[in-house]
Amino acid sequence: KQVACLCSILCRLFMQDYLQHYYHLQNDPLGRMKRSGLSFTSKVKDMQIFFGLNVSGRLDSDTLEVMRSPRCGVPDVEEYSHAQTTRWNKNVITYRYLLYTRDLPRSTVDSLIESAFSVWARASSLTFVRSNTRNADIMVEFATHGDLFPFDGPGRTLAHAFGPGSGIGGDTHFDDAERWTAGETGFNLFVVAAHEFGHALGLKHSRNRESLMFPNYKPFRSANLLSSEDVASIKALYSKHFGCIPESYQRSSK
Ligand SMILES: [Zn+2]
Ligand SMILES: [Zn+2]
C-alpha cells in the first residue's frame, strides 16, 4: 500500500513539473500546490483538451503516457507577458551555428539543418541563408543549458526555439544530452529541427497530430513533413495581407 502511495506522490510531482513547463501552472511561494488543487486540476484539463484525451482532470494512465513522451520545450499555451512580434518582416532569413553536437559529423548536421529550412522554404516565399555574421537572425546551438526553458538531460525536452524578433528571437537550441541522428534511432535531427524552425518563424503548437507543429516527437515519416494545416499556417503568416501590420493600416498608408 505504501508503494502505491509513494508512486502517486511521484506521479503528481512529475505532472506538476510538466504543467509548470508547458501549461504555466503557478507554484505558491513555498513551492507547494495550492490546497484546493483547483489550479492543478484545471491545468490537467487544459493539457487533456490539448491532446484530445478524456478530460477528467485526474492522473490517469493515458495522460501520464502522453506526459512521458519526448517533446519540444516550448509551452503549449501562451503567456501573454512574453508576447513578441509574430513574424519576420523580411523574406530572406539568415542563420548561424554557435555550437555543434558531437553526435554527427558537421557536414551531416549542415545538410540536415539545411533540409529542415527547405521544408518551410518550399511552402512559403522565404529563403534561408547561412551566415557567419554576429547579427544572423536564427542562431542554431546544441547545448545542455538552462535559459528561459531549461533542458533536462536525456529524454523529454528535446529542443526549443524562440519566436521571431531581435536578440534571442528566432534562436533555436537543441538539447545535446539527446542522441541526435540522421535516421530512426535516437532523435532525428531533421524532424526536430523542422519543428523548431516552425517556432522560429512564428508558429505555435498544434493540437493536430498530423501537424509538424504537434508538440510530441514523431519518428521520421516522409520527405514532406508538413500537413495541409502547416502549409496554410505558414502561408497565412507570410502572405502580404496578414501578419503584424493590420490590413487597415496598410490600406491607409498607401
Ligand atoms: Zn514546439
Ligand atoms: Zn535555450
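All of these numbers come straight from a predicted model, not from anything done at the bench.

Participant: What is the right way to read the coordination of the zinc ion (ligand 1) from this model?
Facilitator: Think of it this way: four donors in a tetrahedron around the metal ideally sit 109.5 degrees apart, and six in an octahedron ideally sit 90 or 180 degrees apart. Of the protein atoms, only C72 (SG), H195 (NE2), H199 (NE2) and H205 (NE2) coordinate the zinc ion (ligand 1), at distances of 2.0 to 2.2 Å. Coordination at the zinc ion (ligand 1) comes from 4 donor atoms whose angles at the metal span 100 to 114°, giving a geometry best classed as tetrahedral. For the zinc ion (ligand 1), the donor residues sit on a single chain with the sequence spacing C-x122-H-x3-H-x5-H. One end of the pair, C72, is in the loop between α3 (61-68) and β1 (92-99); the other, H195, is in helix α5 (residues 189-200), with 123 residues separating them in the sequence.

Participant: Would you explain the environment of N216 in this entry?
Facilitator: Mapped onto the elements, N216 comes out in the loop between α5 and α6 (228-238). Given the relative accessible area of 9%, N216 is considered buried. Separated by 11 residues in the primary sequence, N216 and H205 have C-alpha atoms spaced 9.7 Å apart. Beyond its immediate chain neighbours, meaning those up to four positions away, N216 contacts F51, V66, S69, P70 and R71.

Participant: What is the right way to read the nonpolar core from this model?
Facilitator: If you look at soluble globular proteins, the nonpolar side chains tend to sit buried side by side. Ranked by size, the top nonpolar core spans 42 residues in total, and within it I113, W120, I138, F174, W180, F197 and L201 carry the most contacts. Where this core is concerned, the elements lending two or more residues are β1, α4 (106-122), β3 (138-143), α5 and α6. The element that contributes the greatest number of residues to this core is α5, accounting for 8 residues. Apart from the residues lying within four places of it in its own chain, the contact partners of I138 are W88, I93, T94, Y95, R96, F117, G170, D171, T172, F197 and A200. Of all hydrophobic cores here, the second largest spans 17 residues; its members include L19, F40, V44 and F51.

Conventions we followed
Residues numbered from 1 in each chain as written. Chains lettered and ligands numbered in written order. Predicted model: local features only at pLDDT ≥ 70, side-chain atom pairs only at ≥ 80, totals over all residues. Heavy atoms only, no water. Donors = N, O, S within 2.8 Å, 3.2 Å for Na, K, Ca; no water. Tetrahedral: all angles 85-135°; square planar, octahedral: opposite > 155°, others 65-115°. Helix = DSSP H or I, 4+ residues; strand = E, 2+ residues; numbered from the N terminus. Buried < 20%, exposed > 50% of the residue type's maximum accessible area, 1.4 Å probe, protein only. Contact = heavy atoms within 4.5 Å. Core = buried A, V, L, I, M, F, W, Y, C linked by side-chain atoms within 4.5 Å.

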